[in-house]
Amino acid sequence: MTETRWASGVGIATTTADGTILDTWYPSPALLPLSGLDTAAERAALEPQTGSDERLGTSTSVVEVEIDLDAAVGSVSDAYLRLHLLSHLVVEPNSISLDGIFGHLPNNAWTNAGPTTPEFAASNLAALKRAGVQVYAQDKFPRLTDYVLPRGVRIADASRARLGAHLAPGTVVMHEGFVNFNAGTMGTSMVEGRISQGVVVGDGSDIGGGASIMGTLSGGGSHRVSVGQRSLLGANSGIGISLGDDCVVEAGLYITAGTKVVLVDEPRTADGALQTIKAAQLSGVNGVLFLRNSVTGAIEARKRRGVGVTLNEALHA
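Residues numbered from 1 in each chain as written. Predicted model: local features only at pLDDT ≥ 70, side-chain atom pairs only at ≥ 80, totals over all residues. Heavy atoms only, no water.

A few words now on the UniProt feature "binding site: succinyl-CoA" (unreviewed entry) in the protein. Mapped onto the present numbering, the UniProt feature "binding site: succinyl-CoA" (unreviewed entry) falls on Arg 194, Gly 209, Ser 212, Ala 235, Glu 250, Ala 251, Gly 258 and Lys 278. Sequence-wise these annotated residues cover 85 residues; spatially they are dispersed, their C-alpha atoms as much as 26.0 Å apart. Positionally, Gly 258 belongs in the loop between strand S22 (254–255) and strand S23 (260–263). Summarising the element assignment, Lys 278 is placed in strand S24 (residues 275–278). Beyond its immediate chain neighbours, meaning those up to four positions away, Lys 278 contacts Ala 257, Gly 258, Thr 259 and Lys 260. (UniProt positions renumbered as here; feature names shortened; annotations may be inferred. Helix = DSSP H or I, 4+ residues; strand = E, 2+ residues; numbered from the N terminus. Contact = heavy atoms within 4.5 Å.)

To continue, consider the packing of aromatic side chains. Applying the stated rule across the entire model yields five aromatic pairs. Relative to Phe 141, the ring of Phe 102 lies with its centre 5.7 Å away and its plane at 70°, an arrangement referred to as edge-to-face. Of this pair, Phe 102 sits in helix H3 (residues 101–104) while Phe 141 sits in the loop between strand S7 (135–139) and strand S8 (154–155), placing them 39 residues apart in sequence. Exposure remark for Phe 141: the relative accessible area of 5% places this residue in the buried category. For the ring pair Trp 110 and Tyr 147, a centre distance of 6.4 Å and an interplane angle of 85° mean the geometry is edge-to-face. (Phe/Tyr/Trp six-rings, centres within 6.5 Å; stacked < 30°, edge-to-face > 60°. Buried < 20%, exposed > 50% of the residue type's maximum accessible area, 1.4 Å probe, protein only.)

Before going further, it helps to examine the environment of Ala 183. Looking at the element boundaries, Ala 183 is found in strand S12 (residues 183–185). Separated by 97 residues in the primary sequence, Ala 183 and Leu 86 place their C-alpha atoms 8.6 Å from one another. Here Ala 183 is in contact with Pro 93, Gly 164, Ala 165, His 166, Ile 195, Ser 196, Gln 197, Gly 198 and Val 199, once residues within four sequence places are set aside.

A few words on the sheet that holds S12. Taken in spatial order, the four strands line up as S9-S12-S15-S18 in an open sheet, and their pairing is parallel. Strands at the two margins of the open sheet, each flanked by one partner only, are strand S9 (165–166) and strand S18 (226–227). With two bridges joining them, S12 and strand S15 (residues 200–201) adopt parallel strand pairing. Bridged to Thr 185 within S15 is Val 201. (Pairing = 2+ DSSP bridges.)

As a further point, take the nonpolar core. Core analysis: the biggest nonpolar cluster contains 60 residues, and Ile 213 and Phe 290 have the highest contact counts within it. Going through the elements one at a time, strand S1 (6–16), strand S4 (58–68), helix H2 (76–87), S23, strand S25 (288–292) and strand S26 (299–303) are the ones with two or more residues in this core. The greatest single-element share of this core, amounting to seven residues, is contributed by H2. Beyond its immediate stretch of four places on either side in the chain, Phe 290 contacts Ile 241, Leu 243, Val 248, Val 249, Glu 250, Leu 253, Ile 255, Leu 282, Glu 300 and Ala 301. In terms of nonpolar packing, the next biggest core, distinct from the first, is built from five residues, Leu 56, Ala 109, Leu 128 and Val 133 among them. (Core = buried A, V, L, I, M, F, W, Y, C linked by side-chain atoms within 4.5 Å.)

On the secondary structure map, Thr 16 appears in strand S1. Take Thr 16: its relative accessible area is 12%, and that puts it in the buried class. In this structure the side chain of Thr 16 is engaged in a polar contact, spanning 2.4 Å, whose partner is the side chain of Asp 18. Excluding residues that lie within four positions of it along the chain, Thr 16 makes contacts with Leu 22, Gly 57 and Thr 117. (Polar contact = N/O pair within 3.5 Å; in protein donor to acceptor, adjacent residues only side chain to side chain.)

What follows concerns helix H1 (residues 39–46). Along H1, the positions that sit buried rather than exposed are Thr 39, Glu 42 and Leu 46. End-on, the buried residues of H1 take up no more than an arc of 65°, which puts them together on one face. Facing away from the buried surface of H1 by more than 90 degrees, the exposed residues are Ala 40 and Ala 44. Tucked into the core, H1 has its buried residues touching S1, strand S2 (21–25) and S4. (Arc of directions from axis to C-beta.)

A word on the sheet that holds S8. The 10 strands are arranged S8-S10-S13-S16-S19-S21-S25-S26-S23-S24 in an open sheet whose pairing can be described as mixed. The strands lining the two open edges of the sheet, one partner per strand, are S8 and S24.

A few words on the pairing of S26. Across two bridges, the pairing between S23 and S26 is parallel. Looking at S26, one finds that Val 262 is bridged to Glu 300. Taking the residues between adjacent antiparallel strands as the criterion, S25 and S26 are bridged by six residues, where Gly 297 takes a positive phi near 85°.

Right, dumping it as structure tokens:
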């Protein structure tokens, strides 16, 4: 019999006049059942922060939530607890069930004063402006920093990291970097490109400016792409396969599973030709340099030896 993996949290939920829950904030989510928390103390700390906001047509109240991490998402507060666990680094990406999460996240109008419904915002825009309230987004997912401020992390543009992003200490997300939910870094990393849902990036790796890592939310794919340690995605490059440790993808080069790759350092075929394989066969292999031959236009894979890229320590201190 499989033992239940419990998680719980005491938080503040935002509710509309008709009782619809829009979000829930958890200061200290934990991998414990509620019986393992000092719920009375946590309630006492949160109660003074609750109340109503006539500007947004909402009110806030303290809630206590307990979930099974392997079960499907069952409510708005359940969904937010899972996202908080990821962003508080309590769990790693792809380690808990997120089945049904989209169906339980309302499409909110996000303002600098908190969430409200798009219908309420649309009907009260003039009043909101007079009150100094600005609608900055309309989406199911909020900004990470509206709920969690990860320790030892730099995020140049808060709108580029969603709640549910897992950002390890030492990570730098520059202005054009983007980190989706259930994705992120496992150590010190530079992020100037896109980390899609389900993707994890290893310690010491650099996702260059404009680089893109394919996720699994669209396109029908099932492979969860990952990037190993000390690897580099050059500017405006992209991958649909995993990279092992100490790998480099040349700037501007996009590698998908079906990309034909010439193996420069491998023995030739019987007729003297270089071997050509699909890039999927190199998925997760350590020490590979991917580049495009500037004369023939062929995409080549060459062996790399030694340690891969080295990040600037001053930028990640």
